[in-house]
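Close look at the chain arrangement
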Amino acid sequence: MTNVLALIEITATGDIATSAPALIAAASKLGTPVAVVATRPGEGAALVAQLGTLGAQHVYLAESEHVGRLLAAAQVQALASAARALEPSAVVVSNSVESCEAAARFVVRTGGGLLADVVDVQIAEDGSVIGVHSVFGGAYTVEATLQSSPAVITLRQGALDERAAATTPSVTTVALEVDASNSAKIENVAAAGPGSGRPALRGAATVVSGGRGLGSKENFALVEQLADALGAAVGASRAAVDAGYIPQSAQVGQTGVNVSPQLYVALGISGAIQHRAGMQTAKTIVAINKDEDAPIFDVADFGIVGDVFSVVPQLIEVLETRSN
Ligand code: FAD
């Protein structure tokens, strides 16, 4: 089996990001999964056992003082170094802003191609890598391949449920040469938002989103209350963002964040195609809307025709009763 690199993201607190299990699982579907970690010298060893639990058969620790100080440069260099050493057939990264940047720059270096925002990966009979995309608001599933190698793939967070079997990985540690002269420098990292304690929207297992139907910024608190009762991230339609109910970072859809949670709850959202483009791959969709003809009901697994201000408080009450 050929090696397949999975670029592991490390959070600002030094933890393995939640995107890692699906990345390693995707890599294991395509070949031998190799976790590539750009890390500051001496800090990677503590992550190896956990990466083995996630199924990485090999861990490639690429060390540089520049990790966390330069934007994506060390990650690109880590991928280039691992690709030279291990000759992978594919490289899988998260579809996050940071890893997309690293993937694109890596692809420019290799002169290859990129399959972006993939929701699944497969191997064709001839051994070529297939990326599965959900397009046109989730209305179509298309498969794409590349003529170049390695195939570089960005994987939508939450899209892949499979997990690789745990193993004890072998480890390679290399010192990276990173050219800092023409790289964007990170001067400060601050958590976005007031630190609500809610999960981040991208990659959250449960998302509760609100739309224009909430009517005002004050009323949008109802969305946050249901999200908190479910331990969910908060999302929104563009209309809710444009109306100033919530910052743009919460926007789900074509021009916002793409999410694939286990559960997506849409409150007062009509279900325009641009919104569905960002949430239609959710495993279970629940919609509450007072218009029984709202298009969101076309994609909902469970629909409640009703007023959010009547239905949602009852829902929260039931959830709170159950948790007590
Ligand atoms: P509306 O369409 O106004 O729907 C509000 C819904 O709330 C209605 O269905 C109504 O019946 C219901 N409602 C009202 N009151 C209540 C109540 N009390 N209880 C229950 N239900 C109630 N949109 C996105 O979301 N994300 C994107 O990324 C995005 N990108 C776009 C990109 C482009 C290029 C364009 C042109 C548009 C984009 N849009 C996007 C906008 C999109 O077309 C819609 O306008 C938007 O999604 C509508 O948001 P909404 O459903 O909240 O509002």
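Higher on the page you've got the structure.
Residues numbered from 1 in each chain as written. Predicted model: local features only at pLDDT ≥ 70, side-chain atom pairs only at ≥ 80, totals over all residues. Heavy atoms only, no water.

The next thing to look at is the site of the ligand. Within the structure, the ligand sits among 25 residues, and Arg212, Ser237, Thr255, Ser270 and Gln274 are positioned closest to it. The separation between a nitrogen atom of the ligand and a polar side-chain atom of Thr255 is 2.6 Å. One nitrogen or oxygen atom from the main chain of Val308 is found 2.9 Å from a nitrogen atom belonging to the ligand. Taken by itself the ligand offers 990 Å² of open surface, and the protein chains cover 76% of this. Judged by its atoms lying within 2 Å of the grid points, the ligand is housed in the second largest pocket. Listed by contribution, the elements that provide at least two residues to the shell around the ligand are helix 6 (238-242), helix 7 (273-276) and helix 9 (308-323). In the shell around the ligand, the residues fall into six nonpolar, 14 polar and five charged. (Near = heavy atom within 4 Å. Polar contact = N/O pair within 3.5 Å; in protein donor to acceptor, adjacent residues only side chain to side chain. Areas by Shrake-Rupley, 256 points an atom, 1.4 Å probe, with all protein chains shown as cover. 1 Å grid on protein atoms, 1.4 Å probe; cavity = no way out; pocket = protein on both sides within 12 Å on 5 of 7 lines; lining within 4 Å. Sits in = over half its atoms within 2 Å of the grid points. Helix = DSSP H or I, 4+ residues; strand = E, 2+ residues; numbered from the N terminus. Nonpolar A, V, L, I, M, F, W, Y, C, P; charged D, E, K, R; others polar.)

A word on the environment of His275. In this structure, His275 sits in helix 7. The spatial distance from the C-alpha of His275 to the C-alpha of Ile296 is 9.3 Å, given a sequence separation of 21 residues. Beyond its immediate chain neighbours, meaning those up to four positions away, His275 contacts Ala236, Ser237, Val252, Gly253, Tyr264 and Ile269. (Contact = heavy atoms within 4.5 Å.)

The biggest cluster of nonpolar side chains holds 32 residues, and the ones touching the most others in it are Ile8, Ile24, Leu30, Leu51, Val59 and Leu155. At the level of secondary structure, the elements contributing two or more residues to this core comprise strand 1 (3-7), helix 1 (20-30), strand 2 (32-39), helix 2 (48-53), strand 3 (58-63), strand 4 (90-94), strand 5 (114-118) and strand 9 (151-155). The greatest single-element share of this core, amounting to eight residues, is contributed by helix 1. The contact partners of Leu51, leaving out residues within four places of it in the chain, are Ile8, Ile16, Ile24, Ala35, Val37, Ala56 and Val59. If you look at the next biggest cluster of nonpolar residues, it comprises 27 residues, including Leu5, Val36, Ala62 and Ala74. (Core = buried A, V, L, I, M, F, W, Y, C linked by side-chain atoms within 4.5 Å. Buried < 20%, exposed > 50% of the residue type's maximum accessible area, 1.4 Å probe, protein only.)

Among the surface-exposed residues, Phe136, Tyr140 and Val142 lie close enough to one another that they form a single nonpolar patch of about 350 Å² accessible area. Counting through the fold element by element, Phe136 comes out in the loop between strand 7 (129-135) and strand 8 (140-145). Given a relative accessible area of 63%, Phe136 falls into the exposed group. (Patch = residues over 30% accessible without salt bridge, like charges linked within 9 Å, V, L, I, M, F, W, Y side chains within 5 Å. Salt bridge = Lys/Arg side-chain N within 4 Å of Asp/Glu carboxyl O.)

Tallied over the full model, the rule gives eight salt bridges. In this structure, Glu162 and Lys29 form a salt bridge, with 3.3 Å as the shortest nitrogen-oxygen distance. Here Glu162 is found in the loop between strand 9 and strand 10 (170-175), whereas its partner Lys29 is found in helix 1, with 133 residues between them in sequence. What makes Lys29 partly exposed here is its relative accessible area of 27%. For Asp228, the salt bridge identified is with Arg198, shortest N-O distance 2.6 Å. A residue pair is termed long-range when its members are at least 10 positions apart, and Asp228 in helix 5 (residues 221-230) and Arg198 in the loop between strand 10 and strand 11 (206-210) qualify at 30 residues. Judged by relative accessible area, Asp228 falls into the partly exposed class, the value being 46%. Judged by its relative accessible area of 25%, Arg198 is partly exposed. Here the residues in one salt-bridge network are Lys29, Asp120 and Glu162, joined through shared partners.

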